[in-house]
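Secondary and tertiary structure notes
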Amino acid sequence: MPTSKLVQERKRGAMPPKMPEKRSVHEGDDLLDLFPLPRYFQVHFQHVHENSRDIQAQMVQLKEYVTQVDVKLDRLTALLNTLSGKCPEE
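Just so it is clear, the structure is predicted and the values come from calculations on it, not from any experiment. (Residues numbered from 1 in each chain as written. Predicted model: local features only at pLDDT ≥ 70, side-chain atom pairs only at ≥ 80, totals over all residues. Heavy atoms only, no water.)

1. As for the overall build of the protein
Along the protein, the regular secondary structure elements total two helices and zero strands. Evaluated residue by residue, the protein yields a buried proportion of 3% over its 90 residues. Accessible area of the protein: about 8,800 Å², with a carbon and sulfur share of 60%. (Helix = DSSP H or I, 4+ residues; strand = E, 2+ residues; numbered from the N terminus. Buried < 20%, exposed > 50% of the residue type's maximum accessible area, 1.4 Å probe, protein only. Areas by Shrake-Rupley, 256 points an atom, 1.4 Å probe, with all protein chains shown as cover.)

Next comes the structure, spelled out in structure tokens:
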């Protein structure tokens, strides 16, 4: 049973070969050889998902922080309003 092209690529090694700066496509070339290995995309999307989770967690923390600051600002505004009512010289 012949092995698939993806299995063969995985057996070649973890690191893709260094791509030349100028590549030309000839009629007999296998187009899959012109693209990065599937492992590249797997690592890339894993990285994207991990960053997405981290950013979402940071957003939750920032929302909580903004809520706390908003509450403190409301308290400070109320305190300043009561103080300004007691001190007419300002």
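Structure shown, so let's carry the discussion forward.
2. A word on the confidence of the model for the protein
Mean pLDDT over the protein: 76, with 56% of residues reaching 70 or higher. Below pLDDT 50 for its whole length, residues 6–12 participates in nine contacts with residues either more than four positions away or in separate chains. (pLDDT = per-residue confidence, 0-100. Contact = heavy atoms within 4.5 Å.)

3. Some thoughts on a nonpolar patch on the surface
A surface patch of nonpolar side chains, amounting to about 460 Å² of accessible area, comprises L73, L76, L79, L80 and L83. Examined against the element boundaries, L79 turns out to sit in helix α2 (residues 38–86). Since its relative accessible area comes to 45%, L79 is described here as partly exposed. (Patch = residues over 30% accessible without salt bridge, like charges linked within 9 Å, V, L, I, M, F, W, Y side chains within 5 Å. Salt bridge = Lys/Arg side-chain N within 4 Å of Asp/Glu carboxyl O.)

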